[in-house]
Amino acid sequence: MTEEQIIGLLTSNIIYLLAAAFIIAVIFKGIKIVPQSEKYVVERFGRLHSVLGPGINFIVPFLDVARHKISILERQLPNATQDAITKDNVLVQIDTSVFYRILEPEKTVYRIRDVDGAIATTVAGIVRAEIGKMDLDEVQSNRAQLITRIQESVETAVDDWGIEVTRAEILDVNLDQATRDAMLQQLNAERARRAQVTEAEGQKRAVELQADAELYAAEQTAKARRIQADAEAYATQVVAKAIQDNGLEAAQYQVALKQVESLNALGAGSGSQTIVVPANAIEAFGNAFNMLKGNK
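Residues numbered from 1 in each chain as written. Predicted model: local features only at pLDDT ≥ 70, side-chain atom pairs only at ≥ 80, totals over all residues. Heavy atoms only, no water.

Undergrad: Any chance you could break down the packing of aromatic side chains for me, citing the residues and the numbers?
TA: For the structure on display, the rule yields one aromatic pair. When the centroid spacing of 6.2 Å and the interplanar angle of 10° are considered together, the rings of Phe 22 and Phe 62 count as stacked. Linking Phe 22 in helix H2 (residues 14-30) with Phe 62 in the loop between strand S4 (55-58) and strand S5 (64-71), this pair joins segments that are 40 residues apart in sequence. Positioned above the aromatic ring of Phe 99 is the side chain of Arg 167, whose terminal nitrogen or guanidinium carbon lies 4.2 Å from the ring centre. (Phe/Tyr/Trp six-rings, centres within 6.5 Å; stacked < 30°, edge-to-face > 60°. Helix = DSSP H or I, 4+ residues; strand = E, 2+ residues; numbered from the N terminus. Lys NZ or Arg CZ within 6 Å of the ring centre and 35° of its normal.)

Undergrad: Just give me the short version of the pairing of strand S7 (residues 80-85), but keep the residues and values in it.
TA: Alignment of S7 against strand S8 (residues 91-102), held across six bridges, turns out to be antiparallel. The residue bridging Ala 80 from the neighbouring strand is Thr 96, located in S8. Connecting S7 to the antiparallel partner S8 that follows it, the hairpin turn spans five residues, and Asn 89 within it adopts a positive phi of roughly 60°. (Pairing = 2+ DSSP bridges.)

Undergrad: Give a detailed account of empty space enclosed by the protein, specifying residues and quantitative values.
TA: Empty space among the atoms becomes apparent when a probe as large as a water molecule is rolled across them. Throughout the structure, instances matching the rule amount to one cavity of 30 Å³ or more. Within this model, the largest cavity holds a volume of roughly 40 Å³. In terms of lining, the largest cavity is formed by Thr 96, Val 98, Val 123, Val 127, Ile 147, Ile 150, Ala 168, Glu 169 and Ile 170. Of all elements in the fold, only S8, helix H4 (115-131), helix H6 (143-157) and strand S9 (163-175) reach the threshold of two or more residues within the lining of the largest cavity. Broken down by element, the residue count for the lining of the largest cavity peaks at three residues, all from S9. Here the lining of the largest cavity is built from residues that sort into seven nonpolar, one polar and one charged. (1 Å grid on protein atoms, 1.4 Å probe; cavity = no way out; pocket = protein on both sides within 12 Å on 5 of 7 lines; lining within 4 Å. Points joined across faces, edges and corners; volume = space filled by probe spheres on them. Nonpolar A, V, L, I, M, F, W, Y, C, P; charged D, E, K, R; others polar.)

Undergrad: Can you explain H6? Please cite residues and give values.
TA: If you check H6, its first and last C-alpha atoms are 21 Å apart, about what 15 residues at 1.5 Å a residue would give, namely 21 Å. Of the residues making up H6, those classed as buried are Leu 146, Ile 147, Ile 150, Gln 151 and Val 154. What you see down the axis of H6 is that its buried residues fit within an arc of 135°, all on one side. Turned more than 90 degrees off the buried face of H6, the exposed positions are Ala 144 and Thr 156. Those residues of H6 hidden inside the fold are in contact with H4, helix H5 (136-141) and S9. (Expected span 1.5 Å × (residues − 1). Buried < 20%, exposed > 50% of the residue type's maximum accessible area, 1.4 Å probe, protein only. Arc of directions from axis to C-beta. Contact = heavy atoms within 4.5 Å.)

Undergrad: Describe a nonpolar patch on the surface, and please don't skip the residues or the numbers.
TA: A surface patch of nonpolar side chains, amounting to about 890 Å² of accessible area, comprises Phe 22, Ile 23, Ile 27, Ile 31, Ile 33, Ile 56, Phe 58 and Phe 62. The set of elements that each furnish at least two residues to the nonpolar patch consists of H2, strand S1 (31-34) and S4. Looking at the nonpolar patch, the element that brings in the most residues is H2, giving three residues. A relative accessible area of 53% means that Phe 62 is categorised as exposed. (Patch = residues over 30% accessible without salt bridge, like charges linked within 9 Å, V, L, I, M, F, W, Y side chains within 5 Å. Areas by Shrake-Rupley, 256 points an atom, 1.4 Å probe, with all protein chains shown as cover. Salt bridge = Lys/Arg side-chain N within 4 Å of Asp/Glu carboxyl O.)

Printed below as a string of structure tokens:
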């Protein structure tokens, strides 16, 4: 086949070739394959027409245009630091980090220009507002509660932008040096107060235990006296019974026995002693001896 024949063949079939090329172009233009991590915002004549999800999608070629390709993966804003004043007028620096993802790309595209900047500004304002409602001690101790409140407030603020805030974190709460020094002095004063309270409670407990010990000793002494009194009462009762049964001799015997016991105790003392013996001491010894023999 000569060159002229080839040119003639192409010239006679040019319409078919153009039609085939057009069909192929239409097919490629009408089919959109969207990755799993993205969504496409389709415009028709400059207006929002549809949002294409992951997979194979069909559009009208040359009329519909996939104008915006939006990633739906979770994103992290750069860590931000902002100043805030607590309820008790303490200046703090808050380091925050926010994670979010786009749920409705059509809202994100047509309602906000700079998504990251808008969210960062919103978070900064909400953090300052929430910190201003709390004392410094509450900020330090209730960080989880503060994070929850910040996340809820941010979610409400960005809802019109088709965004979901998945997580908000407070990375650190920094204080200036003057505030740190004041807190350290307060901490030392609190420790000293607790030490004094502990010492006072210990002294109080010692006094209570001493009082309990003295009370216990007094109770035991009273019991001993009561037992002794009961014993003496019993002895007196026995003597009285003996006197009643034996008459005057029993009484004389008891008197003489007491005298003998007293002289024995006096003579048993240590050291040099001068003992004055009554005139009737010998007689008392004799009477006691005779009575003892009689009792035997």
